[in-house]
Structure formats: structure tokens, C-alpha cells
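Topology and contacts: notes
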Amino acid sequence: MASKTLSKDQQNFMWISIACVDFIKLPLKDILDNQIKPADLFNRINSSSTHRTYYLRREQENICFIPPPGQPDYNDFDVTLLYTLIRNLSSASLNPTSLNPTKGWGKVPDSSHMRIGDDIERLRLMRNKFAHANSAGIPEAEFQVLWNDLKSVIPRIQTFMNSTGSNVNYEQKLADIERTDFGFGDLQKYKLFLEATLSQLKEERIKDEPEISITGAERVVWGEKTCFEADLKQKEASHWSISWQRVRGSVTYQIDISDKKYRDSTRTQLVIHSVSKDDEGEYQAVLARESNGNKRKIESNAIFLHVKGELPGFKVWKVTTEEESITIHYKVKNNAPRVYDIKWIKNGEGLNFKTQKYVGGGLSDSFLRITSPNGGDKGTYSCTLENAVGFTSRDVTFDIPKATISTESKVYLGSTAQIKSEVSSTLPLSKYEWQKSVDGNAFECMDINERKYHGTCNFMNPLLLIQNTTFDDILYYRLLVWNRIGGCVSNTIYLNVTGNPPNITCSHETCFESRSVKLIAKVYLYDTCHAIQKVVWTVNDEEIDQRGLGGKFSEVSVDSPCLTIHNINCCDAGSYKITATNAVGSTTSDAIVLNIPEVIFAKFEKEDGTQWVTVTIKSIPEPVLVQWRKRERNSDRFQPINVNAEEFKGSSCSFPHPVLVVKLKEQVENFHFQIKIKNFIGTCKKTIQDLFNLVPGTMKSENVSSDEINDGSLNENYDDEVAGIKFAILFDDLADHFPEEKFKKLEDLIQSSTKVNNIESLKEAKSARDCFRILYSENLFTKLDVTFMQFLLRRTGCKELDNKCAEYAKGQKALGFYEKQTEDGFKHIYFHVTGDLSNFNKEKRRQIRETVAAMVGCKTDRVSLNGYRHSESFIAIVSIEVIYVGKLVAINEQDRYRFVRLNIDYFTVDFIKVILKISPDSQRVDYHEHVPKTEQHRILPPRVFVPSKVRVDTSTRFLHKMEDEESMETSLKSQLVDYHEHVQKTEQQTIIPPYKSTFVPSKVTYSRFMQTDETIMRLFPELPIPKRFEYNARLRSSINVSTSNINHISCFKPNRLWLSTENIIKEIDEDGHLLRELSVNLTHAGYHTVSKAGGLLFKKDNDIYMLSSSGEIRNLHIHANELSCIHSSQLNGDIFVGEEELIERYNDKGVKLQTISTIKFTERSAFRCFKLVYPNFYCKITENINGDIVTIVNNQLVAFKSDGEHKFTYSGKRYGSNFNPSGLCNDTFGHILVRDFYHLCVHLLDINGYRLAKFLIHRPYPNAMCVDEKNNLYVGCVNTIDVYTYLSDTAITEHDAMVIDSDIP
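All of the points below concern the structure found in this document.

Regarding helix 19 (residues 842-856)
Since there are 3.6 residues in each turn of an α-helix, residues three or four apart along the chain are aligned in direction. Spanning 15 residues, helix 19 covers 22 Å between terminal C-alpha atoms, matching the ideal 21 Å at 1.5 Å per step. If you check which residues of helix 19 are buried, you get Ile 848, Thr 851, Val 852, Ala 853, Met 855 and Val 856. Turning to helix 19, the residues buried within the fold contact strand 46 (826-833), strand 47 (864-870), strand 48 (874-881), helix 20 (885-889), helix 21 (893-900) and strand 49 (904-909). Just past helix 19, the residue Gly 857 takes up positive phi, approximately 80 degrees.

Below, the structure written as C-alpha cells:
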């Protein structure tokens, strides 16, 4: 093929030419052949309802209408003839529906029309466009439209043909065309073919039809005007209408020249004003007429209009930060058309350039500077440029940075640990700080200039290196980063410094010839990073002097750790251990106990009466003698048994399982049997007194003679390898070191405990050792249980001896009170178990471990019992991983019951106590269930002013109308009736409204007061206001709680309340049952609050902590001093800290967002001295539903809008009476409720601070108050919480459709 010498437009022309001339013919030929075979074409034309002369020209008829037996060759047919035959003969085809276009033949199909006939029409239209081309070059944009249309049609036709049994691949042939390069020779050839095709098309037209063509510019600059002229070649065209159309892709748009866009257009001229990108496409003029029901349409040539021009753009766009500013640098491109406008917006709102906050930002500027940046400048800034083409925007988001840190899962001891960070910030960091913590709560700053640490200077992703790591570096770490907007805290990671101490396995060998025992130790490491430095053997926990005993012990080393004991005798008895040490630590092996043999019996009887006794012997060194013996019942001497004798046939003396078989019943009845085992340490003899009643297990040996003791026999007090020796040492230490002056007290304690049966022996005891012997004999002090001994030692003040018992119990797994240290990443949970520790058997220990594991969702082997503590019963100390502690704290009702079944009534974690067993002390009284409705308080109807001095018959229990505070106070003092008697008679509390008993919305149209100043309405709240709906305040229930005083209440859900008393925060349910307790310091009013997510925020050690609903506790690192209060926003989760003269707002990450000064909006109060004595009564803050922040300052209620602007101050004073606000909350409708401590009442205000009503509280000392999500009012008085409802059902229903305040979002 020719070389690449054509331009891109000419190359496009060649590809379209090949496709229209040669390629389009292929699918049309195959479709015709599929519908009509060449041999059948003559008959099909002849039988057609339309005569052939109406659609075939003479030259076409000559090549297709050939009488049989001749037949045409479809390869000789051109595109026009193939299309004509398919169109006119399709009605007689086998499947005409699939071929007929959706809108009919000769019509332009819509883009949604997908029949094969529609695609045939698209091929025809493409070929006609090619024929009307006015040059041998096609621009790239126009080419892409044509080529993509062709590439979308061909796959559908290919799929259709293959579905009919053909095997075609048009897509491959089209791809081959696209890969072909053409030269000038090819171009000239197809230009001639183009002219011939156009001439042919003209000849196909009816001679009397007019011809139409258009002229006009192909390229127009954006925003300018252009026009197209239509030229008619034949003047007799008055019966033809002329219209204009624009084609984009496969969609054709009819142009309405009456539109403003095309004003000044005529029948033969199309004028386009303010050309834009939407005007791009192919333009054609169309002649159309209808004659005898036949519609005829003639299309002109097409001109593709290209619109030149670009959207505005930025040459430069970058952000820099300075000490006191943030600058966005920009530069506008000099594109055509010019930029005529620039706009800056932040978070969808335009910037206010009238202030000094923003500098620059104009078209003539090159920067926008934000001065004094802070958290309020956080957001997305957008710059929009606009010209005639359109507009372009560029955004930049300023936010606090986000940081994530990570490290290796394991860091080996002595290596360098790397803590990497990934920081994302739209602004450069201005500061960062590494912090560490022991418990993951209290963090302290790290000095990276210390020799221990090394930090990089890379502010984008700071790196922390900890060199030569030790176990002291096992801490929690986090990263704090700041930019000019604010700062954030990264995630917390736990650095796991690890290193494996040596591992040890032990075994032994006995050499009878040399009378020696070899203690075989295999010392190895899981990794080789910390080599073994030393190995040491000990006997009874004392190091063996390998060189000082004349070769008694072989030498050991790291390479050869085995120990050989030569010439073993009774003096070598003891517990042998090997300890291996490396840089990580030491490991001590299990004990290898050299002792006299130990015997365990098992017995069974065969059907023939034969008695079988099997023995298990435990002996190190191995025995040199195993012998069965017998003696007559009236004899003292045992004789060896011949195990091969007939009456003992089957018996054996083999180690370690000798067997005794006694076949004769007489032998069993007349003889005692004994087994004698001897090793190098000593001899063990076990006698069977009664073979018939033998109990399987370990049996006590008979008293051995003095010669046998000299032979090496030790006192038999051992049930396992080492417990006997350890217990003997413990017994001896306690007896030797117990103070003589406390002996009498010890004796009294033992006697008064009533645990000892042999009182006479106790009275004869002369020393502590005698008492301990009695305890041992009565199984009150054994190697498996030292709990009673610990009780005695603690009561007698012998702390050091008690610690010895604890160490023994810890090491020997005996019952006792002790506590092991937790492993890294684990935490102790203290379960209080009712009962005696001595009854806490293996099965119960297994149950508590399995229950804890099942609840938190971990494997049982991850839960361990790490000791026991003294309590009213006892406390089991369970160790679990820290990550599971939260699940225990957030225990559900079902899991509580599972623990209660194990006799566990509560458990503690750190300072949290979780109650499992519900106490019967608390109770709830529901008054509305037993108070007759006729005795409920009635509300006075709204009417005119009632005189101030009104006497109401107290027997009727109507509400008491008071117009001044002095009268109200006098009334209260004169009506000190029994509260419960009062409740039985009246269901609700007395209501004292200031003007009438109606709830009044704050946003109301006042017809009488349209010209009245707002100040007058505040000064005279008694003025009548139109009624909206009524409410009905009544006592719903009372909850009795087991506490001396209630300081504060927090709640969100009606079934969960948090209350504080003294130094404890308690969680109770709606019936007053205690669920959890938190031991904290100073729980004044306002020291805790419930978050939007249901968690508890509380103060502890002047920091704010979060106890989430999932049980997790974390320090928010928000400082709050002793006299401050806290509140959690129910709108966005922000945290408010209120102090005497200011309010601070923080987000849940601990970043300060806002500070509001409160003192300047109040008047000095006469009760200020009372506030200093009882600060908890005044330290209150709340956030209303519209974002208003309401607080108590100087005995006044002060409200601020969310941006800190003062909204109102409510003093609550009337006629000189004092107002002493001591409680504050709001409900879901925006009402503000404030408790007046001095007058024992609650003021009900609307969202704008207008007082609506008051209701009395007859119970004294109402220290706490809150409202839940159901608008129930909780008032805490001493040890009772009264629950009130103060909104009627009508109020709640109607309020849903009412707007309370214009500030509500």
C-alpha cells in the first residue's frame, strides 16, 4: 500500500470512502441473499405487487431481472440496487417484520430504534452523506461521529446474520480498513468515484424534482454569528416546503427558525446568533412535499459546523501558608473568549470581602489570602471563572489534618522500632507531637531529642524511631498533628516488644550400674535473635554447687545442659529444676522430683471371682526392686509372693505397672497383701488390708522402720512431684515465724470458727505449731487448700506469713488468696462469688472461664483464672485480653443471668462495678394505676386576671393561683402535708402558671401587640397571650434508689438513668435496679451527661472520659476543673464545658471549637456567696433543639445562639423575690426547664425565654433534674426520683406541625 503521505483529514476521507463504497455492500448483499436466493429473484420480482418499473431503472433491470434458467450475480449489484430490492421485496420475504424499519422505509430512524431495517436505513444515510461530501477531506470530529455510528450498526447486523446460520465477521473487516494507510493515488481514485456516485444519485431522482444545496462557514468562533444559504437549482419549487435540521450522531433535531436563537432567518437562509458548543453538528436544508398521499423529501448536502473557543482555565493554582495567613495563588489563562467574571464561595456561600478576613481574589489579582486562620475557616473554597463559552471552577478544601500511625506487629527486644505515619492534609503541617501512655488513657509528650528517640524533620509523614527497645517501651503511642486550621489525634497503637526466653523440655535416665541419674534437659529457642547466656540447676530452689561436692554432680554448660547425679542416696531427694537465661529473660523447667516411689492402686474382679489389683508406680530414679508380699492376718511378718505360683498366676512385678492376681477366695480372706518398691532414694511399702473393699487411688504407706528410713525412705506427704516438699517448707516456716504474743488470739479464732472438731486437742496446744498440726489433721490446712490459714494470718496481722501462703497457692495451684500479674495486653476482671472458696472446684472454675469466653467471643484458652481475693464470700480474678473488656462492661440481660447462675452477683473492672444480681431494695411506684381520675388536679381555664390574694379550699386540691412569689412561699410553708397522703389524693403536682394554664408557642402572630416592644413583653409576662394548647402536669411514678443523696441525673432513654451520689455514678433501670457503678472523684451536679450515641461522658481526675454503649472507656483529653459542668450535644455530638464565666465547645476528638464569655450578660446576684458554698447547684449547661446554648450564671439563666451571640437573660424575679436556679434541661420541643431550689418549683420557658408556667415540687431538696426523649421529667430528691409528665397528649400531637422558632434548622 502507498506510503503515509496523506493528511489526517484525507486519511479520514479514505476510510469513509472504502466503508461506503466497498464495505457497506457486504452486509446488504448477505441480507438479500438470506431473504431471496439468486435463483428465486426473477420470480420474486415478477410476483411482486408493485410493478418493477416503479422502483427499477432499465439498467438495473438488465442485471437483476434475468429469466430462468439464468440467474443474477449479487456481487455485481451496487449499494443502490441492493437497498432497492431489500426495501421493495421485503414484504414478501420469509421474515418481513425483522427487516421493516420501525418508522418505515426511507425515514430517518430514532436512536432508540434497533431493528435490522433501521440499521439498513442508517447504512443508506451514511452512504448518501458520503456522496454529498464537498471535499476530499473529513475533519476529525465529523469522522468520529460517522465512524462510531458505523461501528455501532455493524455488530447488530453481524449478530443477526450469524443467528440465521451464516458465518460472517464484519467487525474484523472494518478493523482491517481502520489499520490501512493510503496514498495520493488512492485518494484520486475515490474522488472520481465520489463524483460518479453523486452523478448516479442525481440520475436516480425524478427529472422534475428540484435540487437543493447549502453553503456556509464550517468553523465559527464561540459567541459570533453565522448563517447558511440554501440554493434551489429549479425554480418550480413553490409546491415544496423548505426546513432546516441539525444532525448530531444518530439524532436529528428539527430547527424552529422562529426561536430567538435563529431570529432573522428566512426560508432559504438559517441565521445562528451567539454560537456555542451546543450548536455544533451537521446542518442540512430539506425540501418536502406530499402528492396523492405519497410523501417526498429531498435533503441537501450537509455542512458540519465546528465551534472554536475554550472554557476559561487556570495557569497557576497552589496553596501556601504563612505564620498568620493561608494564601491561594492563581493565574487565569489568556484563552478566547476573555474571562469577564470571577466568584469565590465557601461551602456554597459567597465570601464577604467587606471584612479584613479576605484579601485579593479579583481578576486583576493573583491570590486570595485568608488572614488569621482558625477552625472557623474550615471548608471548601471554590473559584469560578466565566466567559462566553461557559464557566470553570477550581476547588480547594481546608480542613484539620488526618493522621494514621502503624508499626511492625512484633518488635524484638534490643532492636530499633519504627512508628510510621500517614498524614493527609490540604495544608502543610505547622506542628506535630508524639505522645505515649501506659494505659492508653493518660498520654504524655515525648521528647524526640532524647538519646532514646529519634524523630524525622519530615512534616508530611513524621517518623518515630525507638532505639534499643526494652520491655519498658511496651506502651501506647499516638501522634498529634496541626495545621493552620486546627489539629487532630491519630489512632493509638500498642508497641509489642517481644523476645522469646529459652524453652526447656526435661526427661531423665537411671543407670543402675553406676547408681546414677541423668537429668536430661533440652534448651532451645523459637528464634535465634537472643542467644542463651547461662544455664543453672537448682535443688529445692537452691543453686547446685557443681564443684564443691567432690564430683557428686557433673558440670553443665549452655552447650551441654544435662546434669548427672552420681552415687544417689536419700540425701539427694528433692526437686530439681534447670533455669536458662538470655537477654529477654529466664525460663525455669518443670520440676524433676527425686523421691521414694509413689503407688496408685486400681482393682477389678472377674466373673470367676478372681481379684485383680493393678498398680501404677511413679519413681525417679527408677526402682531397683518391685515385690509383691503377703502375711497372714494374725502375723506381723510379710513373705515374698511367688508370682508364678498357680494361685497367683497372671501376677507380675514389672515397672511401672505391676499386677497382683489372687484366684483363691481363701487367700483374700486370710491374708494381707503388700507391695514393696525400692529405689536409690528409699523404700515404699503399701499394704492392702481388705482386698474386697479396696478403694482405687493413692494409698498411705505403713510406718517404716528406722533401718528403712536410714535406707533412704522419706516421710510420705506427696501427691505430686513437688507439692509435698513445698508444703512441708511452708508448714515449717509458718510454725517457726508465727509471733508468740499472738498465739492466744490464734487459738481463739480457731475455736470460735467452729471448724475444728477436736476441741480438747486444741485446748492442750502449747504453740502455733501445735495448732497448725490440728488444722492439718482435720484437713483445714493442706497442700491443696490454704484459705483458712490465710484467714487466720490476716486476722492476727501476720502479713508476711500471709504472703508466703499466697506465693505457695500461686505456685502450686492450691486454693488460696493470691493474685498473679497479668500478661501484656490482658486485664484483670474481679468476679464476686457468693459461697466458700473451698467449694469452688475445678468444674466451677471451668464454667466461669467458658462463660466469660462465650460472652466476649474469644477462645477459652484466652481466659485464665489468676487468683482469688478475700471478700464477703470471695473474689475470683479472671484475666482476659483488653480488647474484650468493653463487651463485659456492656453486658446484656441474658449474660447477666448466666453469671448469676454461677453464684456471681457482681464484677469490677478498674473503677467500674457491674451489678449482675438485681437487688430487691429498689422499687418503682406507679401512681396513675391506683389514683382515681376524679381526684386529678384540674387546670384553671384561661380567663382574666385573678387577684393575688386568693384563698382556695385545700380540701379540693385545686391548683393554687399565686401572683407573687411571697404568697407562693407562704402557701408552701402552710401546706406541709404528708407527701404520700398528698399523692393518694391528687395524681399531679400543683401548677402555678404566671398568667394562665396554657402552653404558648414562641412564634405566634400577636394582633394586640404588633406595635409592642419586646422588652415590655419580657417585663410583663402576665399579659394574656392567645392559647395554643393545654398541658397537664402530673406525677407519673416514683423510683426509690439505695443512696443517701442524688446530686445529678442524666438520661436519654426512659429505661436507663445515670445518677451521681458522693463519689459514685450509678446506672439504674426504670424500676430503680442498680446496673453499674463508676467510682470517680467529686460527682457534683453537671459532672456527667449522656451523648447522642447513648454513651456516658463523665469527669474523672479533672478530665472528661467517655463510656461508650459498647462498654469501651477512653479519655477525651478535655480538661474540666472541679467546679465545671459538662453537656453533650444531641445535635452533632459536640461537648460543652461550662465554668463560672465562660463556656467552651469541643468536638469528640478533644479539639476546642468555640469559647463564649458569659459573665458580662448577667447582673451580680445577692446569692453569689451561696454559690461558692454549693457550686454544684449552679454549674449547669444545656443545648436546645435549635442550637441555642443555655447556662446558669450568677443565679440567672443566660442563652446564646450557636455562634456565641447573646440571645436572652432570664432572671426569674418578680416583686423582689429571689430566684435560685439549681437545675437546667430542655425537652424535644424546645422548652427550657429550670429548677428554683429556694422556692421548690420548676419554671417552664419557651425557646425564646418567655415563662409559660411553674409547677411545685412538694418533696424537699430537689437536687437533680433531667428530661428524657419521651419528655418525662425526672426530679431527684434525697433517695427518690419522681417522674412527671407535663405535656398533654394534645400538646404532643399538635406540636409536630408547629414551628417553634425561626432559628430551628
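Quick notes on the sheet that holds strand 61 (residues 1125-1128)
With antiparallel pairing, the four strands of this open sheet are ordered in space as 61-62-63-64. Only two strands of the sheet have a single neighbouring strand rather than two, namely strand 61 and strand 64 (1152-1157). Put simply, the sheet's adjacent strands are angled 20 degrees from each other on average, direction ignored. For strand 63 (residues 1142-1146) and strand 64, the ladder comprises five bridges, and the chain directions are antiparallel. Bridged to Ile 1143 within strand 64 is Ile 1156.

Structural notes on the packing of helix 14 (residues 743-752) against helix 16 (residues 768-777)
Helix 16 packs onto helix 14 with a crossing angle of 20 degrees between their chain directions and a minimal axis gap of 10 Å. The orientation of helix 14 with respect to helix 16, classified from their angle, is roughly parallel. For the pair helix 14 and helix 16, the sense of crossing is left-handed. Two secondary-structure elements touch here, helix 14 through Phe 743, Leu 746 and Ile 750 and helix 16 through Ala 768, Cys 771, Phe 772 and Leu 775. Here the contact of helix 14 with helix 16 is built from residues that sort into seven nonpolar, no polar and no charged.

Things to note about the packing of aromatic side chains
Tallied over the entire structure, the rule returns 29 aromatic pairs. Taken together, a centroid distance of 6.1 Å and an interplanar angle of 55 degrees make the contact between Phe 727 and Tyr 808 tilted. With Phe 727 in helix 13 (residues 723-737) and Tyr 808 in helix 18 (residues 799-812), this residue pair connects regions lying 81 residues apart in the sequence. As far as the burial class goes, Phe 727 and Tyr 808 line up, both buried. Ring geometry for Phe 772 versus Phe 781: centroids 6.3 Å apart, planes at 65 degrees, classification edge-to-face. Here Phe 772 falls in the buried class, since its relative accessible area comes to 0%. On the basis of relative accessible area, Phe 781 is assigned to the buried category, the value being 0%. Each residue in the set Phe 727, Phe 731, Phe 738, Phe 772, Tyr 776, Phe 781 and Tyr 808 is aromatic and connected to the rest through ring pairs, giving one cluster.

Definitions and limits used
Residues numbered from 1 in each chain as written. Predicted model: local features only at pLDDT ≥ 70, side-chain atom pairs only at ≥ 80, totals over all residues. Heavy atoms only, no water. Helix = DSSP H or I, 4+ residues; strand = E, 2+ residues; numbered from the N terminus. Expected span 1.5 Å × (residues − 1). Buried < 20%, exposed > 50% of the residue type's maximum accessible area, 1.4 Å probe, protein only. Contact = heavy atoms within 4.5 Å. Pairing = 2+ DSSP bridges. Axes fitted to C-alpha atoms, helices over the stretch in contact; angles between N-to-C directions. Parallel < 35°, antiparallel > 145°, perpendicular 65-115°, else oblique. Left-handed = near helix turned anticlockwise from the far one by under 90°. Nonpolar A, V, L, I, M, F, W, Y, C, P; charged D, E, K, R; others polar. Phe/Tyr/Trp six-rings, centres within 6.5 Å; stacked < 30°, edge-to-face > 60°.

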